[in-house]
Structures are given as structure tokens and as C-alpha cells.
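Below are the chains, spelled out letter by letter.
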Amino acid sequence: MTWWRRVFNRDSLESQLDVELRDHFDRLVRDFIAQGHTDSEARRLARLEFGGMDQVKEQCRDARGTRWVDETAQDVRYGLRGFRKNPGFTIVAIVTLAIGVGASLAIFNVFDALLLRPLPVSNASELITFTRWNGSNPSESFSYPQIRELADRRDLFASLCGIGTETVYVGPAESLEPAGALWVSGGYFNTLGIRAFAGRLLNASDDERGAPVAAVISHGYWRRRFGGDLNVIGRQLRIEGQQVPIVGITPAGFNGAAIGEPADITLAINAKPVLQPEDDSFVGPDARWILALARPAAGLPLEQLQARLDVVWADLLARTLPEGVSAETRKRILSTAIRIESGAAGASRLRRTLRSPLLAAMALVTLVLVIACVNVANLLLARGAGRAREVALRLALGAGRARIVRQRLIESIMLAVAGTALGVLVAWAGSVGLVGLIAERVAGRNQAQMFLDVAPNWRVLAVCALIVVTTTMLFGLVPALRASHVAPGAVANSTRVAESHTRFSAALIVAQVSLSLLLVMGAGLFTRSLHNLRTVDRGFAPGNVLLANYDPSRLALTPPQLQAFSQSILATVTELPGVGAASLAAITPLQGGGMSTDMIVNGVSTAPEEVYFNVIAPRFFEIVGTSLVAGRDLAATDTLNAPAVTVVNEAFVRTFLAGLPPLGQRVAYPGATREMAIVGVVKDAVYETLRAEPPPTIYMSYLQSRGRPMTIVADARAPMADVTAAIRGAVQPKVPASPMRIRTFAWQIEQSLFEARLMRMLTAIFGALALGLAAIGLYGLMSYNVALRTREIGVRLALGARPSLVIRMVLANAVRVVGLGVIIGLPLAWMASRAIAQLMFGVTPTDPITITTAVAILGSVGLAAAAIPARRAAAVDPVTSIYVE
Amino acid sequence: MAAHPKSDLPQGTLDLLIMQVVVPEPMHGYAIAQRLKLLSRDVVQVTQGTLYPALHRLENRGFLSADWKPSDTGRDAKFYKLTRKGRAHLEAEAASWERLTGAIATILGAAKGEAS
């Protein structure tokens with residue numbers, strides 16, 4: 001009989017055993033009778049020879065090899081009985097663990113999806129991706145000519161491909177819907193080595209200039225938009241107003257090799273100028289927007305590949321240089337280095353921004369998990385102390401210590417499994433929420449949606465299992481070992497045991513308090529950072545300003561036509577009811593990204609310094625609240641026929657015009673003949689990020705520049721929703737092919753604070769959790785203490801101690817524990833916050849306000865937790881206390 | 001009962017003896033015990049606490065198979081019989097046992113020879 005059948009047929013085996021042994025016994029008796037013994041004598045002799053029936057049975061059970069299963073089942077049943085008898089303990093323990101596990105898994109899941117999860121392709125570990133390093137500035141983006149040149153190096157790469165991401169609009173003009181598009185070079189699917197789910201995938205011939213445009217759609221998009229209809233192959237899909245045949249579907253579970261970006265539709269890069277004619281330059285050397293992914297040539301070690309690539313790269317850069325760049329720019333581009341990185345998890349732009357916040361978040365949740373474990377350990381210890389008599393009794397009755405340790409560990413494992421199971425639910429919700437947050441951020445920046453696959457996978461499950469094992473060891477082992485160290489004599493006297501328990505437990509609470517201090521201080525520092533970021537003088541005020549992006553590029557206007565178009569848009573919006581004032585801008589503060597170049601100031605190049613520039617309409621400064629320091633604003637009369645003028649900021653004056661009166665100084669683009677005169681100086685305003693000082697910036701009139709303004713900046717005097725609707729109604733018909741994006745200026749600023757808000761939110765949540773857990777732990781310890789000392793307190797009160805003294809005694813005890821925790825926690829907190837200093841703004845880890853607040857919070861939470869046990873202590877009745885034991 | 005002192009069985013030999021006993025025909029536990037006693041002329045005494053676990057172990061390892069069949073008492077008894085796998089195992093074990101005892105006997109004999 002196989003082992004597992006022996007486990008499951010336990011009952012039938014037992015009855016068979018009984019019959020078999022009884023049969024043997026009966027035969028013995030029969031033989032003794034046959035030898036002439038009397039009936040009762042025969043039975044006595046048989047019993048003598050046979051030995052104890054139960055001992056024999058027990059030995060037979062041992063031989064079955066399933067004893068530990070029976071015992072484990074016994075322990076599990078025993079554990080369940082204990083949990084049922086004590087539901088409060090059970091629920092607190094499981095929920096505590098679920099919070100710790102759930103928080104950890106939620107963060108890990110996102111971290112995994114973004115950084116670790118290998119692409120679902122064969123030999124994903126071979127894949128490599130590339131980063132360009134311009135000095136200390138990394139970028140993952142390459143130009144299309146660079147990708148083609150690299151892909152041609154068959155001596156270095158078995159295959160190499162480029163992946164660009166840009167949203168496309170699908171459907172008829174009146175109901176355009178955005179879809180995430182991957183624009184890939186011809187080698188994309190070959191590099192990945194995946195097969196089509198249906199139809200065919202794109203190959204090199206699809207990415208030739210002039211090749212017919214073909215679309216491959218993802219399995220998910222196929223299910224979502226076409227309801228999984230296989231007849232879709234060969235059908236036309238209307239993309240950017242043009243009919244494109246669907247030639248194939250990618251396999252289920254594959255979401256493109258650009259992590260964090262949706263891959264609904266995959267198109268060849270060379271189809272981009274066909275579908276989006278205004279983006280003709282995207283296949284030229286100017287536009288660096290493509291991620292690169294490759295498989296190295298067979299047998300070429302990565303170090304060698306890197307070394308040979310370094311040589312090839314310098315040459316390649318020179319050949320793919322954009323035309324007409326200044327000598328300085330040329331030099332800068334040529335000094336760029338290229339680095340190979342692992343591409344097993346795909347290529348991604350999100351990673352670099354999110355890695356450090358996610359790592360910091362992982363550290364935070366690990367703390368929460370440890371605190372949760374410490375808490376449960378404490379609960380188990382208290383429970384164990386209460387059960388010391390029971391253990392002593394069991395030891396006295398002959399139970400082995402190992403058995404008792406094992407029984408306690410099984411209880412811990414049961415708690416850990418239940419906690420983890422509940423935690424997985426918490427984690428799933430948490431991951432989805434976190435991805436939603438990040439997606440909002442990405443959407444705010446470049447209008448694309450974000451896609452991150454957070455479906456649970458074996459790696460996450462492995463982490464779950466690891467968490468169960470570690471947490472069990474963390475919170476279960478010590479209490480279990482301590483439980484077995486009860487002397488059988490302790491049945492009569494458990495006070496000594498309880499006292500040693502209290503000391504150990506207090507140490508755990510001290511650890512908990514220190515860890516909580518870490519989190520509470522983190523929350524404080526990030527709250528202060530966020531506050532600083534929100535209140536820092538950015539040189540503008542969001543007020544009631546609306547920002548409305550419109551894109552005229554699809555209209556194929558000549559520069560003079562474009563200026564007339566912009567003028568008409570401005571006029572239309574200014575006339576709208578509810579709009580106080582309106583202007584235009586190419587770049588709005590904190591939208592993410594910007595334009596910069598070296599310039600010629602009074603005949604001298606600013607290189608290597610760069611000047612940021614913006615193209616605006618009159619009244620821009622007035623609307624966004626940037627004050628004019630000297631001179632005048634750009635005016636409607638500053639047209640192409642009038643003298644060229646510009647407005648600069650104070651940083652520009654400080655950097656390039658030291659000592660000169662700014663008004664009337666001359667600025668020009670490198671290589672341009674026309675010079676612009678400075679007619680005004682404005683206050684410094686934040687440009688790309690709140691974390692950097694405002695850079696030198698110049699502002700040019702849209703009527704004198706070829707730059708295209710794309711954002712309407714309007715001061716709303718009526719409810720935002722009404723004004724938004726009015727602007728959309730008036731402007732959208734003029735740009736039918738491109739949906740407008742309208743948001744408030746305030747929202748755009750909040751969006752730019754994403755990392756700071758994320759960290760504040762995470763530390764606040766985790767800090768609150770940690771505090772709550774520490775409070776529960778402290779409350780438990782103090783209650784236990786008071787219960788333990790009831791007799792002593794009763795005696796004190798009987799001898800005339802005042803209740804307030806008793807209260808003070810208990811509180812002093814709590815203060816000692818919290819104080820020690822704070823003393824240990826502060827240096828830890830300083831060290832930890834140094835590691836995340838770059839995520840903070842305007843505060844130092846030793847910020848006295850944060851420290852004072854954090855300590856005060858911990859102190860009050862500690863006192864509050866101790867208050868109830870203290871009152872209980874003061875209310876002890878001296879008479880009944882004597883009978884407590 | 002007997003003049004000889006009772007001997008403890010070396011580890012593993014009980015299995016060998018049990019399998020040898022059931023070679024001719026299927027037997028129930030009591031019969032196996034009686035047979036062992038008889039064949040070893042009372043030298044080997046096997047208690048029920050050793051016999052039954054050994055039987056069950058052999059059954060679990062697939063060397064013996066068991067059937068419940070009517071017996072002489074009129075009730076069903078559990079009859080053990082040697083499986084093909086058990087037979088192969090028995091032959092291998094018996095051969096190795098003979099080699100071992102042979103070697104020991106030779107050594108003891110040689111030592112006796114030298115002493116005299």
C-alpha cells in the first residue's frame with residue numbers, strides 16, 4: 001500500500017490491526033487450553049505472553065511510517081481548538097500579519113513587474129538593452145538611424161531592434177479612441193523570438209520605407225476590442241484616419257517588450273511618417289525616442305561585446321549626427337557613451353525614475369512586516385506564558401519538548417499561512433492601486449496610458465512562501481522554544497516564568513518602538529518635503545488657470561498659416577464667456593520636458609551653458625502669475641515685421657549679463673542672422689522640475705518664432721468644468737484629428753510632485769500601521785504586567801498607596817520602554833533617512849521639528865496605550881487581589 | 001523453558017526469517033510466530049511487538065502481500081504471502097547472509113586453529 005493511502009485509510013487500517021491482533025490472541029488462548037489449562041488460566045498465560053495489546057498496536061503504527069502525519073493532524077486540530085477558544089487573539093494576529101504581508105507583497109509585486117519579471121519569450125536572459133550616457137545623464141532613447149546602424153552590426157548582435165512608444169488614435173474621426181502603439185524596427189519579433197497567436201508578425205520587409213503599412217495587435221487588445229473574433233485577420237483598422245490591415249495577433253500574456261507601456265497595436269517605425277505625417281522627423285537623426293533591445297552574437301561574452309561596441313559607437317555617432325548642429329552640440333553628442341544592461345525584463349523608461357522610490361518603499365514595508373512579526377511574537381509569548389501550566393502538565397505527563405516546540409511552530413505556521421492568504425488579497429488591491437497611481441503620473445506626463453502586468457506569478461508566490469517561512473521563524477520560534485523551557489514543577493508556580501517573559505517581551509516592544517520611530521520620522525520628513533515643494537517660491541501661481549493642449553500638426557500648415565491659426569485660436573478663446581484672459585505657450589511650467597540650446601549673447605556663445613526657451617503669446621506672465629521685474633511684456637505688435645524682441649528671466653541676466661543693464665542686450669540662435677533685443681526681465685520661474693533652481697530662460701513671441709505654441713493658457717472666471725467645456729467646444733472642431741487634453745494648472749503641478757506624494761502617502765500609511773501595531777504591543781505588555789502584579793498592587797494600595805501613584809508607576813514603566821525605543825531608534829532613523837535624502841526636499845534628516853513631532857507622537861501613543869492598564873491597576877481591589885492566584 | 005539462553009536477532013535478520021517462513025504457503029501472523037519458534041528450536045523468540053510491525057513493514061515495502069481469508073477458527077485471518085519482489089529480495093539477502101556467515105565462520109575457525 002502506498003504511503004499516502006496509508007495516511008488516508010487510517011481508520012480501516014486501525015480496525016484491521018485490531019482484528020489481526022485479537023485473532024493472534026485468541027489462537028494463543030486456544031493453544032493454551034489445548035495444552036490442558038483452564039479457560040481463565042489460559043487467558044492469563046496468553047496475556048502474559050502477548051504483552052500489552054496497546055503497546056503492540058503502537059509499535060505497529062510506528063511501522064506504518066505515517067505517525068508524524070497523525071501527530072501533525074493532531075497538532076493542527078489542537079491549534080484550531082486553541083484559536084477558536086481565543087478568537088480575539090487569533091483575529092488580531094492574523095490581521096496584523098495580513099497587513100505586514102499584504103503591504104510587502106503589494107510593493108514587491110509592482111517592483112517585480114517593473115524590474116524583475118522576464119519577458120515571456122524564449123531565453124529572455126540573453127536579451128540586452130542599452131543606455132546612452134551623456135556625462136552623468138542617462139537616457140534609454142536612440143534615433144532611428146542609430147538603431148539601423150546598430151542592427152547592421154551582425155558581428156556584435158545576432159539581432160537588434162528598436163521600440164518606440166507613441167499613442168495612436170483609432171476609429172472614425174467623430175469617435176477617436178487612444179490606443180497604445182509600439183513602433184518597432186523590422187527585427188523586433190525576430191529578436192524576441194515569439195510566434196504569432198494568429199496571422200503573422202512584422203518582419204524586416206515591413207519596416208522598409210514605402211512598404212505597405214501593417215498592424216499587429218496584442219492578444220489583450222484583440223479580446224477587448226474585437227471580442228476574440230479570429231476573422232479579424234485581414235480586416236482593416238482605422239488608425240489615424242487611415243485604413244491599416246490587421247495581419248496578426250501576438251501571443252496571450254505578451255504585452256510588448258517596452259515595460260510600463262501598453263502595446264495594443266504594433267506598427268513598423270517606417271509606418272510612422274505615413275500615419276502621422278507631421279512626425280516625419282521621427283525617422284531622422286534628430287529624434288531620439290527609440291528603446292533598443294538585442295541578443296548578442298552567439299558566443300560573444302558581454303565584456304567583449306561592450307569593448308567592441310565602444311569602438312563601433314564613436315564611429316556610428318559621427319555618421320548619425322543631425323545636420324546643422326553647432327560645434328558645441330556636436331562635441332557633446334560625440335562624447336556620449338553607450339552601456340549594455342540586462343534586457344531580460346524588457347526595455348523601459350519608467351525604471352530609472354521609479355527604482356529608488358520603489359526600493360525605498362520596499363525597505364519601508366519590510367520594516368512594517370518586521371514590526372508585524374514582532375507584534376505577533378509578543379502575542380504568542382503572552383499566550384505562551386498563560387499556557388505555561390498546561391505545558392508543564394504535558395511535560396509531566398511525558399510529552400517530549402520537541403513535540404511541544406513542534407506543536408507551537410505548527411500553530412505559528414497556521415497563523416502565517418492564514419495571514420499570508422489574507423495578505424495576498426490586501427496585496428493585490430494594493431498593487432492595482434499603486435499601478436493606478438503610477439499610471440496617473442505617466443498619463444499626466446505624455447498622454448499615454450500605462451500598462452504594468454501585476455498578475456501574480458511564481459516569483460511573487462515564492463516570495464509569499466519565503467515570507468511565511470521567515471515570519472514563522474521570526475515570530476514563532478522564540479515563543480515556541482521558550483514554551484518548552486518550563487520546568488514540570490512550574491505547574492504550581494508560574495510567576496518566575498512570567499517574569500522572564502515580561503523582560504523578553506519588553507525588549508521586543510523596544511525594538512518595535514524604534515522601528516516605528518523610523519517610519520514616523522520618514523512620514524514626517526516626506527510630509528515636510530511635500531509641503532516645501534508645494535510652498536516653495538516657484539515664480540508663478542496656479543490660480544484658476546486652465547491648460548488646454550491642442551495639436552495643429554495634422555493640419556499641415558506652413559509657418560505663416562500656423563501663426564494665423566494660433567492667432568485665431570487665441571482670439572476665439574479670449575472671446576469665450578468665463579475666460580478672463582488667455583494666452584498661448586509652447587511649454588507650460590512643470591509639464592515635464594522642455595527645450596534648451598546654447599545661444600549667442602552679445603555675439604558670445606553661451607556654450608557649454610544651455611538656455612531654456614519658450615514660445616508664448618502676450619499676457620502669459622500675467623496669467624501664470626510671474627511678475628515682470630523690468631521692461632515690458634511681449635506685445636501683439638511684436639510681429640515678424642517689427643524688430644525681434646525677447647523677454648528673459650533673472651537667472652539669464654545673472655548668468656550671462658553680469659553687470660550689464662539687461663534691457664537692449666542682444667540674443668541670437670547659433671547660426672541665425674537675426675538678433676533679438678531684450679525688452680523685459682521676469683522673475684525666475686520653475687521650468688521642468690521644482691527640485692532644480694530655475695534655469696536661465698528666454699521667452700519669444702509666437703509671432704516672431706517658428707516654434708509652435710500648443711497649449712492655451714486661460715484664466716477661468718467661471719466654474720472650471722464650464723470653461724473646460726467651452727474651450728473644448730470652440731477649439732476641438734479646429735483640430736479634428738487630435739483630441740485635446742485640458743487640465744488645471746494646479747493639477748499639473750500636483751502631478752509633478754508624484755514621487756514626493758507617493759513617498760508621503762506610503763510613509764504615512766506605513767507609519768500609522770507601525771504606530772498602531774506598536775500601541776497594541778505596548779498595551780498588551782502593560783496589561784499583562786498589571787495582571788501579573790495585581791497582588792503587589794493590591795498590597796501597596798492596602799498599605800495606603802494612592803491610586804495616582806499606581807497610575808504613575810505603570811505609566812513610568814511605559815515611558816521607560818518607549819524612551820529606550822526612541823533612544824535606539826533616533827540614530828537608526830538618521831542613518832536610514834540619509835539613504836533617501838535625494839527623495840527629500842528642503843529638509844535634513846536632523847530636522848528638529850520632525851524629530852520633536854515624531855517623538856511626541858510616539859510618546860503620546862505610548863501613554864495612551866498604557867493609560868487603560870494604568871487605570872485598571874489603580875482600580876485594583878486590595879481584598880480580591882489576594883485571591884488572584 | 002529451554003536450556004539455551006535466548007538470542008537477540010541481529011538487525012534485519014527477522015525480515016529474512018519471516019520471508020523464508022512464508023515461502024511454502026501463505027500464513028497468518030500466529031502461524032508465522034509458531035513456525036519461527038519451532039524452526040529455531042525455541043532459540044529465537046519473537047514477541048508480538050516485533051513480529052507485527054515487521055510484517056507490516058514488509059507489506060508496505062511490497063515484499064509481502066496480504067489477503068483476508070477464512071481460517072480454521074471459522075473467522076477471517078490475515079494471510080501473508082511472498083510477492084515476486086519479496087522472493088527476489090529474499091534470495092539476494094539470503095545469499096549475502098550466507099557470504100557473511102561463511103566469512104565469519106572462516107575467521108572464527110582460523111582463529112580457533114591458531115589458538116590450538
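Owing to the predicted nature of the structure, the values given are computational and were not obtained by experimental measurement. (Residues numbered from 1 in each chain as written. Chains lettered and ligands numbered in written order. Predicted model: local features only at pLDDT ≥ 70, side-chain atom pairs only at ≥ 80, totals over all residues.)

Enquirer: Any chance you could explain the overall build of chain B here in plain terms?
Expert: Along chain B, the regular secondary structure elements total four helices and three strands. Moving toward the C terminus, one meets the helices and strands of chain B in the order α-β-α-α-β-β-α. Counting all 116 residues of chain B, 25% fall into the buried class. Contacts in chain B between residues far apart in sequence, at least 24 positions, make up 50% of those at least 6 positions apart. (Helix = DSSP H or I, 4+ residues; strand = E, 2+ residues; numbered from the N terminus. Buried ≥ 20, exposed ≤ 12 C-beta atoms within 10 Å, placed from the backbone. Contact = placed C-beta atoms within 7 Å.)

Enquirer: Please clarify how the domain arrangement of chain A should be interpreted in this entry.
Expert: Interfaces are often sized by the amount of accessible area the parts lose when they come together. Each assigned domain of chain A is listed with its residue range as follows: domain 1 (3-65), domain 2 (124-344), domain 3 (353-534 + 754-881) and domain 4 (545-749). For domain 3 of chain A and domain 4 of chain A, the distance between their C-alpha centres works out to 53 Å. (Domains from an automatic or database assignment.)

Enquirer: Mind showing me how you'd approach the pairing of strand S20 (residues 645-649) of chain A here?
Expert: Two faces, one strand: in a regular strand the side chains alternate between the faces of the sheet. Residue and element names in this part refer to chain A. Of all five residues making up S20, five are buried, and the element is well covered by its neighbours. By the alternation rule, side chains of S20 split into Val645, Val647 and Asn649 and Thr646 and Val648, which are all buried. Two strands pair when backbone bridges link them, and S20 and strand S22 (residues 676-682) are joined in this way by five bridges, in the parallel orientation. If you follow Asn649 over to S22, its bridge partner there is Val682. Here three bridges tie S20 to strand S23 (residues 697-701), and the two strands are oriented antiparallel to one another. When the bridges of S23 are listed, Val647 appears paired with Tyr699. (Pairing = 2+ DSSP bridges.)

Enquirer: Any chance you could explain the interface of chain B and chain A here in plain terms?
Expert: With 14 residues of chain B in contact, the opposing surface of chain A contributes 17 residues. At the level of secondary structure, the elements contributing two or more residues to the side of chain B that touches chain A comprise helix H2 (29-39), helix H3 (48-60) and strand S3 (76-82) of chain B. For the side of chain B that touches chain A, the leading source of residues is H3 of chain B, giving seven residues.

Enquirer: Help me understand the nonpolar core in this model?
Expert: Residue and element names in this part refer to chain A. Judged by nonpolar contacts, the single largest core of 225 residues is most densely connected at Ile163, Ala292, Val368, Val713, Ala714 and Ala770. The element best represented in this core is helix H13 (residues 350-386), accounting for 20 residues. Ignoring anything within four residues of it in the chain, the contact list for Val368 reads Gly100, Ala103, Phe766, Leu769 and Ala770. (Core = buried A, V, L, I, M, F, W, Y, C linked by C-beta atoms within 7 Å.)

Enquirer: Just to check I follow, could you spell out the confidence of the model for chain B for this structure?
Expert: Segments scoring low in pLDDT should not have their predicted coordinates read at a detailed level. Residues and elements named next belong to chain B. Per-residue pLDDT for chain B averages 82, and the proportion of residues at 70 or more is 85%. For the stretch residues 1-5, pLDDT sits under 50, and the model shows three contacts to residues farther than four places along the chain or on other chains. Per the prediction output, this complex has pTM 0.72; the corresponding ipTM is 0.85. (pLDDT = per-residue confidence, 0-100.)

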